[in-house]
Amino acid sequence: MKNIILDTDWGGDCDDVVAARLLANSHRNGEINLIGCIINDCRPYSVRSLDAFLQLSGIDIPIGMDFNATDFNDDGAYQKRMVDDLKSKYVKETDADDAITAYRKLLVAATGKVEIVAIGFTQVLADLLESPADEISPLSGIELVKEKVAHLWDMGGRWDGKNPNEYNFVATTRTISGSHRMCAYWPTPITFLGWEIGDPVHTGGNIPKEDPLRKALIDYKCEGGRCSWDPMTALLAVIGDPDKAGYSTVRGYASAEKATGHCSFVEDANGPHRYVIKKHPDEWYEEQINNRIQLNNI
């Protein structure tokens, strides 16, 4: 069973909630072992709301936070409601480890290799590579990633050639730098699911209104469902095989410009990166996700 770490901009959009439920259900069904979460967008209720949402599914795992990530234009629309309605083990946000400490602890403690599902901003992944040896591990960040990470599944970039300016890559100066460094230096294979893949696929609108997932969609003004960038990436990682998940791939080298974060791709059959292309109508992917995100009985 594969070990998964979720790296999310929880609060920046509500498709993260759909993705978190899909991963939680996959964990409870024995498909994956979700070992921890990293939040790369710091809001007043981020840690407590994500923990409470996972606790609802009976999942109690460590959460780390990039406490410097306060430079994003969002208000965590659904987070306070979750904290008010649900229970978390955290009393305050700073009860969680900072993101790099949490990553290093999770990687060192993991039995076997780890796969990372990244559905948000890029700065934490890039900073992890540059982290020094410490009391957690004598390995540098890039050495630790080489030793313990098998694959990075990333919702980021746009790979259809129509617009290189994708939000996860370019949101702030920190994400621009992170995107450039991640593409240039990440030492394991990366599979990208681009903006163009998830935008026309809408999921979550079939969830009962009393479910906290649906309440989050309502709080984000997406009661009928949301674009599925993040849950499509999560499901792709759970299945682990793009062909079985309904995609073809293009292999090569992804890059993000150092000054702008604008993405580009050079095809090469031997390259370490690939992006996915849908093989089915949008409705096919909607059905796959909607069937996996109902709140399982605890």
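Residues numbered from 1 in each chain as written. Predicted model: local features only at pLDDT ≥ 70, side-chain atom pairs only at ≥ 80, totals over all residues. Heavy atoms only, no water.

Student: For this particular structure, what's the right way to read the overall build of the protein?
Tutor: Of the regular secondary structure elements, the protein holds 13 helices and 12 strands. Taken along the three principal axes of its C-alpha coordinates, the protein extends 50 × 50 × 35 Å. Counted over contacts in the protein with a minimum sequence separation of 6, partners at least 24 positions apart contribute 80%. Accessible surface, the protein as shown: approximately 11,800 Å² in total, 49% of it carbon and sulfur. (Helix = DSSP H or I, 4+ residues; strand = E, 2+ residues; numbered from the N terminus. Contact = heavy atoms within 4.5 Å. Areas by Shrake-Rupley, 256 points an atom, 1.4 Å probe, with all protein chains shown as cover.)

Student: Got a minute to help me understand the sheet that holds strand β10 (residues 247-256) in this structure?
Tutor: For sheets, the rule is that strands pair by backbone hydrogen bonds, running either parallel or antiparallel. Spatially, 10 strands are ordered β4-β3-β2-β1-β5-β6-β7-β12-β10-β11 in an open sheet, and the strand pairing comes out mixed. Each having just a single partner strand, β4 (97-98) and β11 (263-267) make up the two edges of the open sheet. The strands touched by helix α8 (residues 173-185) are β6 (149-155), β7 (190-193), β10 and β12 (273-278); relative to β10, the strand with the most contacts, the crossing angle is about 115 degrees. (Pairing = 2+ DSSP bridges. Axes fitted to C-alpha atoms, helices over the stretch in contact; angles between N-to-C directions.)

Student: Any chance you could explain the state of the cysteines here in plain terms?
Tutor: Considering all chains together, one arrives at zero disulfides under this definition. The closest cysteine sulfur to the non-disulfide-bonded Cys37 is located on Cys42, 16 Å from its own sulfur. Assessed through its relative accessible area of 14%, Cys42 is described here as buried. (Disulfide = S-S within 2.5 Å. Buried < 20%, exposed > 50% of the residue type's maximum accessible area, 1.4 Å probe, protein only.)

Student: Please clarify how α8 should be interpreted in this entry.
Tutor: Every α-helix carries 3.6 residues per turn, so stepping three or four residues along brings you back to the same face. End to end, α8 covers 18 Å across 13 residues, agreeing with the expected 18 Å (1.5 Å per residue, within 8%). Among the residues of α8, Thr175, Ile176, Gly178, Ser179, Arg181, Met182 and Cys183 are the ones counted as buried. Looking at the buried positions of α8, the neighbouring elements they touch are α5 (123-129), β6, α7 (167-170), β7, β10 and β12. Capping of α8 at its N-terminal end is provided by Thr172; its side-chain oxygen lies 3.2 Å from the backbone amide nitrogen of Arg174. (Expected span 1.5 Å × (residues − 1). Polar contact = N/O pair within 3.5 Å; in protein donor to acceptor, adjacent residues only side chain to side chain.)

Student: Explain the nonpolar core here, please?
Tutor: Side chains that are nonpolar tend, in soluble globular proteins, to be buried together. Among the nonpolar cores identified, the biggest contains 59 residues, and Trp10, Val17, Met82, Leu193, Leu213, Met232 and Tyr247 are the most heavily contacted of them. Setting aside residues no more than four positions away along its own chain, Trp10 makes contact with Asp16, Val17, Ala20, Ile39, Asp41, Ser46, Ser49, Leu50, Phe53, Tyr78, Gln79 and Met82. One finds Ile35, Ala99, Cys183 and Phe192 within the second-largest nonpolar core, a separate group that totals 34 residues. (Core = buried A, V, L, I, M, F, W, Y, C linked by side-chain atoms within 4.5 Å.)

Student: What is the right way to read the environment of Phe265 from this model?
Tutor: You can see Phe265 is positioned in strand β11. Separated by 154 residues in sequence, Phe265 and Thr111 have C-alpha atoms that sit 34 Å apart. Apart from the residues lying within four places of it in its own chain, the contact partners of Phe265 are Trp159, Val250, Arg251, Gly252, Tyr253, Ala254, His273, Arg274 and Tyr275.

Student: Honestly, the pattern of salt bridges in this entry has me stumped. Any pointers?
Tutor: Oppositely charged side chains are able to pair whenever their charged atoms sit close together. What the rule picks out here adds up to 22 salt bridges. One salt bridge in this structure joins Lys92 and Asp95, with 3.0 Å as the shortest N-O distance. (Salt bridge = Lys/Arg side-chain N within 4 Å of Asp/Glu carboxyl O.)

Student: What's the story with the packing of aromatic side chains in this structure? I'm lost.
Tutor: Within a pair of aromatic rings, the relevant descriptors are the distance that separates the centres and the angle that separates the planes. This structure, assessed with the given rule, holds 12 aromatic pairs. Each ring, one from Trp10 and one from Phe53, has its centre 5.7 Å from the other, and the planes form 45 degrees; the classification is tilted. In this pair, Trp10 sits in the loop between β1 (2-8) and α1 (15-28) while Phe53 sits in helix α2 (residues 46-56), placing the two residues 43 residues apart along the sequence. For Trp10, a relative accessible area of 0% gives the class buried. Plain terms: the ring middles of Trp159 and Phe192 are 5.0 Å apart, the flat faces sit at 50 degrees to each other, and that makes the pair tilted. Taken together, the residues Trp159 in the loop between β6 and α7 and Phe192 in strand β7 connect sequence positions 33 residues apart. Assigned by exposure class, Trp159 and Phe192 land together as buried. Ring pairing ties together the aromatic residues Trp159, Phe169, Phe192, Phe265 and Tyr275, which thus form one cluster. (Phe/Tyr/Trp six-rings, centres within 6.5 Å; stacked < 30°, edge-to-face > 60°.)

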